[in-house]
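One letter stands for each residue in the lines below.
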Amino acid sequence: GTDNANVTGNNITNLTSSNTGTAGATGIQANVGTNSTSLNVSNNTISSLTSAGGGLNTYGIGGFSPNMMIANNTITGLAMTGNANSFGIMLSGANNSTILGNTVSTMSSTANIPFGINVQGATTTVNISGNIVSGITSSSTTAGTAGIFLSGSIDNITVQNNKVTGISNTSPGL
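Please read these numbers as outputs of a predicted model, since none were measured by experiment.

Moving on, we get to the overall build of the protein. Helix and strand counts for the protein stand at 0 helices and 17 strands. For the protein, the residues scored as buried account for 42% of the 174 residues in total. Of the roughly 7,300 Å² that the protein leaves accessible, carbon and sulfur atoms contribute 45%.

Structurally, Asn131 can be placed in the loop between strand E13 (123-129) and strand E14 (132-138). Among the polar contacts listed, one links the side chain of Asn131 to the backbone oxygen of Ser129, at a separation of 3.2 Å.

The relation between two aromatic rings is expressed through the spacing of the ring centres and the mutual angle of the planes. Tallied over the entire structure, the rule returns 4 aromatic pairs. Centre to centre, the rings of Phe87 and Phe115 are 4.9 Å apart; their planes meet at 5°, and the pair counts as stacked. Taken together, the residues Phe87 in strand E9 (residues 86-92) and Phe115 in strand E12 (residues 114-120) connect sequence positions 28 residues apart. As far as the burial class goes, Phe87 and Phe115 line up, both buried.

Sheets are built from strands paired through backbone hydrogen bonds, the pairs being either parallel or antiparallel. Spatially, E2-E5-E8-E11-E14-E17 is the arrangement adopted by the 6 strands of the open sheet, whose pairing is parallel. With partners counted over all chains shown, the strands left at the sheet margins are strand E2 (11-17) and strand E17 (163-169), one partner each. This sheet shows a mean twist of 5° between the axes of neighbouring strands, independent of strand direction. Sheet analysis places E2 next to strand E5 (residues 45-51), joined by 6 bridges and oriented parallel. Across the sheet, residue Asn11 finds its bridge partner in E5, namely Thr45.

Turning our eyes to something else, we now look at the nonpolar core. Judged by nonpolar contacts, the single largest core of 25 residues is most densely connected at Ile61, Met68, Ile89, Leu91 and Val104. Residues in contact with Val104, not counting those within four places in the same chain, are Ile75, Gly88, Ile89, Gly116, Ile117, Ile132, Val133, Ser134 and Ile136. Counting residues in hydrophobic clusters, the runner-up holds 5 residues, among them Tyr59, Met90, Phe115 and Ala146.

Pairing in this open sheet of 6 strands is parallel, and the strands run E1-E4-E7-E10-E13-E16 from one edge to the other. The sheet is open, and its two edges are formed by strand E1 (4-8) and strand E16 (154-160), each paired on a single side. On average, each strand axis in the sheet is inclined to that of its neighbour by 5°, with strand direction left out of account. In the sheet, strand E4 (residues 38-42) pairs with strand E7 (residues 68-71) via 4 bridges, with the strands oriented parallel. In the strand pairing of E7, Ser42 is matched with Ala71.

We now examine the environment of Ser108. Of note, Ser108 is situated in strand E11 (residues 103-109). Residue classification places Ser108 among the partly exposed positions, given a relative accessible area of 30%. Taking the C-alpha atoms as reference points, Ser108 and Ile154, separated by 46 residues in sequence, lie 26 Å from one another. Apart from the residues within four sequence positions on either side, Ser108 is in contact with Leu78, Ala79, Met80, Ser86 and Thr137.

In this model, the protein carries an average pLDDT of 90, and 95% of its residues clear a pLDDT of 70 or more. At the low end of the mean pLDDT range in the protein sits E2, at 90; at the high end sits strand E10 (residues 97-100), at 98.

Cut-offs applied
Residues numbered from 1 in each chain as written. Predicted model: local features only at pLDDT ≥ 70, side-chain atom pairs only at ≥ 80, totals over all residues. Heavy atoms only, no water. Helix = DSSP H or I, 4+ residues; strand = E, 2+ residues; numbered from the N terminus. Buried < 20%, exposed > 50% of the residue type's maximum accessible area, 1.4 Å probe, protein only. Areas by Shrake-Rupley, 256 points an atom, 1.4 Å probe, with all protein chains shown as cover. Polar contact = N/O pair within 3.5 Å; in protein donor to acceptor, adjacent residues only side chain to side chain. Phe/Tyr/Trp six-rings, centres within 6.5 Å; stacked < 30°, edge-to-face > 60°. Pairing = 2+ DSSP bridges. Axes fitted to C-alpha atoms, helices over the stretch in contact; angles between N-to-C directions. Core = buried A, V, L, I, M, F, W, Y, C linked by side-chain atoms within 4.5 Å. Contact = heavy atoms within 4.5 Å. pLDDT = per-residue confidence, 0-100.

Next up, the structure:
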């Protein structure tokens, strides 16, 4: 695996997956193994990701390795029409990590849950602070929406000084 890596200053835009099968759209996915000592994902702009897939989730930034710093990224315009979840930022198994000063905005889903920021799985010691999450909407009749969502076997997670606004589900069925 990779011990140290920097993913910085990228502009990722207009990714579309029209495959309705097991396809998703991902801006940045970091999965370098369990021995990572420093993985920095910062100052990136990710915009206009669209997916119709039902088998794979869509991520602005997906992190699956420990010791991550996800900082000062802008993620906007994620649209999911397939039956899978979409995540502005998602961590799973990313122990000893920080999500700091990011902006996640204008996410939508017609069939499942859009998550602004999600920490899940077996993840410990994560600090989520100073982020702005806004404009997260769903019209799904079977699922809600989440600005910041913690799930799974998590421990020692700090969520502080974030701003979450404009989270809604427009379906009359919920």
